[in-house]
Amino acid sequence: MPEPVADTPPQEHPHPHAATLRRLEQSSGTLAAAAIARMDAQLPWYRAMPPENRSWIGLVAQAGIAAFTEWFRHPETPQAISTDVFGTAPRELTRAITLRQTVEMVRTTIEVMEAAIDEVAAPGDESALREALLVYAREIAFATAQVYAQAAEARGAWDARLESLVVNAVLSGEADEGALSRAAALGWNSPSHVSVVLGTAPNGDSELTVEAIRRAARHAKVQVLTGVLGDRLVVIVGGSENPLQAAKSLIGPFAPGPVVAGPVVADLLAATKSAQAAAAGLKACAAWPDAPRPVLADDLLPERAMAGDPAAREQLVEEIYRPLEEAGSALLETLSVYLEQASSLEGAARMLFVHPNTVRYRLRRVTDVTGWSPSDVRSAFTLRIALILGRLADTE
């Protein structure tokens, strides 16, 4: 019987540009050094970087040239260029250098390699190497964009979580130094005037709503921390002394329905007070169907008080009833009679046995003391509720 024939390993086909490939492998270190030298000479931001970051950039340049060599060896094999090149540097490098700087780094490295084609390529291979480098440059450009897009998505997701933590802390009354640190990481630079705006969130993608709020904030030149919590859209506004004006500038992304702006407070740590007032106002808006949109939480004090908001009751007593009480009994008595007489000057004058001009003068004093005008229907309603609550407080 014939002896079995031993299996022979398949013969590898020689690379069509084997000589150029060998010369490319031998020149990779020199090319990387030349790329680093050119960056140092032409890119001021590279020279200004700390040594650690410069060393990482050097590794990226070396990895890029090595990846091109491997790609030139097997151009038909799909290569994960982003992993090969940018995987050598830590993820933090995308924060240390911008996308523009990375493009400049890649362009400089490609220019060095392109300038060395005639020297590196074997005779007759210059065109093939140049074409390969052009294709590789396109791939590395796409890989660069992918790396920064992924980094931006990761940062965006992380920032959204941080922002949600800050907004939740403010609404729940748990804002502390930790919330301040998180807000600072999001670019909040501790403005001196802060208010909270609440309303209904629109249906659909909450990220689009949040981005719309940010665009409106940039146009209004205010700072915001915002988020969608359940069916509520919450906006913490910084840098505006006028909460109603700030709310008007941001109202576009809110769904139909009431939008309430809390009072201005000193800083983010005190923003819970503004948020609680806005939340109580949003709840009480049903009692004032004709309320303007947006509306200040303080304009809803009577509705909030009747809805059981203790802060509103205290504010009405302390800011209206007590000052009138301290100003003298004549103001309280005149206001009470005027309101009981359906806001009639003559009727109040008859009941008080004084001249109508005396009633008129005392009502102006009421306005000066409280900031609320008895002749205005809405203000008169607020003053009446304040009188009722003040009298009840005196009996406790």
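Here, every reference points to the structure presented above.
Residue indices follow the written sequence of each chain, beginning from 1 at its first position. For a predicted model such as this one, the threshold for reporting local features is a pLDDT of at least 70, and the threshold for listing and counting side-chain atom pairs is 80 or more; totals across whole chains, interfaces and linings nevertheless cover every residue. Computation of side-chain values covers all heavy atoms of the structure but excludes hydrogens and water.

Focus on the overall build of the protein chain
Here a helix means four or more residues in a row that DSSP labels H or I, a strand means two or more in a row labelled E, and each is numbered from the N terminus. In terms of regular secondary structure, the protein chain is built from 18 helices and five strands. We call two residues in contact when some of their heavy atoms are within 4.5 Å. Across the protein chain, the fraction of contacts at a sequence separation of at least 24, relative to all contacts at a separation of at least 6, is 68%. Methods summary: accessible areas were calculated by the Shrake-Rupley approach with a probe of 1.4 Å, and residue burial reflects only the protein chains presented. Just so you have it, the protein chain exposes about 21300 Å², and 54% of that area is on carbon and sulfur atoms.

Topic: the pattern of salt bridges
Any two side chains of opposite charge can pair if their charged atoms end up close together. Think of a salt bridge as a Lys or Arg side-chain nitrogen and an Asp or Glu carboxyl oxygen that are within 4 Å of each other. Within this structure, the stated rule accounts for 13 salt bridges. With its nearest N and O atoms 2.3 Å apart, the salt bridge here joins Arg214 to Glu163. Of the two residues, Arg214 sits in helix H10 (residues 206–220) while Glu163 sits in helix H8 (residues 126–172), which places them 51 residues apart along the sequence. Residue Glu163 is classed as buried on the basis of its relative accessible area, which comes to 5%. Notably, a salt bridge pairs Glu325 with Arg322, separated by 3.0 Å at the nearest N-O pair. Residue Glu325 and its partner Arg322 are both found in helix H14 (residues 310–327); the two are separated by three residues, about one turn of the helix. Throughout, exposure labels follow a simple rule: accessible area from a 1.4 Å probe, protein chains only, divided by the maximum for the residue type, with under 20% read as buried, over 50% as exposed, and the rest as partly exposed. By relative accessible area, which is 34% here, Glu325 ends up partly exposed. For Arg322, a relative accessible area of 18% gives the class buried.

So, helix H16 (residues 345–352)
Looking only at H16, the buried set comprises Leu345, Gly347, Ala348, Ala349 and Leu352. Those residues of H16 that are buried lie in contact with helix H15 (329–340) and helix H17 (356–370). The residue sitting at the N-terminus of H16 and contributing the capping side-chain oxygen is Ser344; that oxygen lies 3.0 Å from the backbone nitrogen of Gly347. One or two positions beyond H16, positive phi appears at Phe353, with a value near 60°. Here a polar contact means two N or O atoms within 3.5 Å. Within protein one must be a hydrogen donor candidate and the other an acceptor candidate, and residues neighboring in sequence count only if both atoms are side-chain atoms.

Digging into unusual backbone geometry
Cis geometry marks the peptide bond from Arg293 to Pro294, where omega comes out at 0°. Within the element layout of this structure, Pro294 appears in the loop between helix H12 (271–284) and strand E5 (295–296). Although it is not a glycine, Ser190 adopts a positive phi angle of roughly 55°. Within the fold, Ser190 resides in the loop between helix H9 (177–185) and strand E1 (194–200). Judged by its relative accessible area of 56%, Ser190 falls in the exposed class. For Phe353, which is not glycine, the phi torsion reads 60° and is therefore positive.

Let's talk about H9
The backbone nitrogen of Gly178 has a side-chain oxygen 3.0 Å away, supplied by the residue at the start of H9, namely Asp176. One or two residues past the end of H9 sits Gly187, with phi positive at roughly 100°.

Some details on the side chain of Glu163
A polar side-chain atom of Glu163 sits 2.3 Å from a polar atom in the side chain of Arg214. Filtering out sequence-adjacent residues up to four positions away, Glu163 remains in contact with Leu186, Arg214, Val224, Leu225 and Thr226.

What to know about empty space enclosed by the protein
Definitions used throughout: a 1 Å grid over protein atoms alone; a cavity as a set of points that fits a 1.4 Å probe which cannot get out; a pocket as an open set with protein on both sides within 12 Å along at least five of seven lines; a lining residue as one with an atom within 4 Å of a point. Grid points are joined across faces, edges and corners, and a volume is the space filled by probe spheres set on the points. Taken as a whole and assessed by the stated rule, the structure comprises two cavities of 30 Å³ or more. Taken as a whole, the largest cavity encloses approximately 100 Å³ of empty space. Residue assignment for the lining of the largest cavity shows that the elements contributing at least two residues are helix H3 (51–73), helix H6 (99–115) and H8. Classification convention: Asp, Glu, Lys, Arg as charged; Ala, Val, Leu, Ile, Met, Phe, Trp, Tyr, Cys, Pro as nonpolar; all other residues, Gly among them, as polar. For the lining of the largest cavity, a count of residues per class yields 10 nonpolar, two polar and no charged. By volume, the second largest cavity amounts to about 50 Å³.

Things to note about the environment of Arg130
Within the secondary structure, Arg130 is located in helix H8. The class for Arg130 is partly exposed, based on a relative accessible area of 31%. Along the primary structure Arg130 and Glu114 are separated by 16 residues, whereas in three dimensions their C-alpha atoms are 7.0 Å apart. If we skip the residues at most four places from it in the chain, Arg130 touches Ile117 and Asp118.

Quick word on the pairing of strand E3 (residues 232–238)
Most of E3 is tucked away: six of the seven residues are buried. One requirement defines pairing of two strands: DSSP has to find at least two bridges between them. Bridge analysis of E1 against E3 gives seven bridges, and the strand direction is antiparallel. Counted as the bridge partner of Val194 is Gly238 from E3. For strand E2 (residues 223–229) and E3, the ladder comprises seven bridges, and the chain directions are antiparallel. Within the sheet, the bridge partner assigned to Val224 lies in E3 and is Val237. Where E2 folds back onto E3 in an antiparallel hairpin, the turn is made up of two residues, including Gly230, whose phi is positive at roughly 65°.

Without other data, these values stay purely geometric and don't point to any function.
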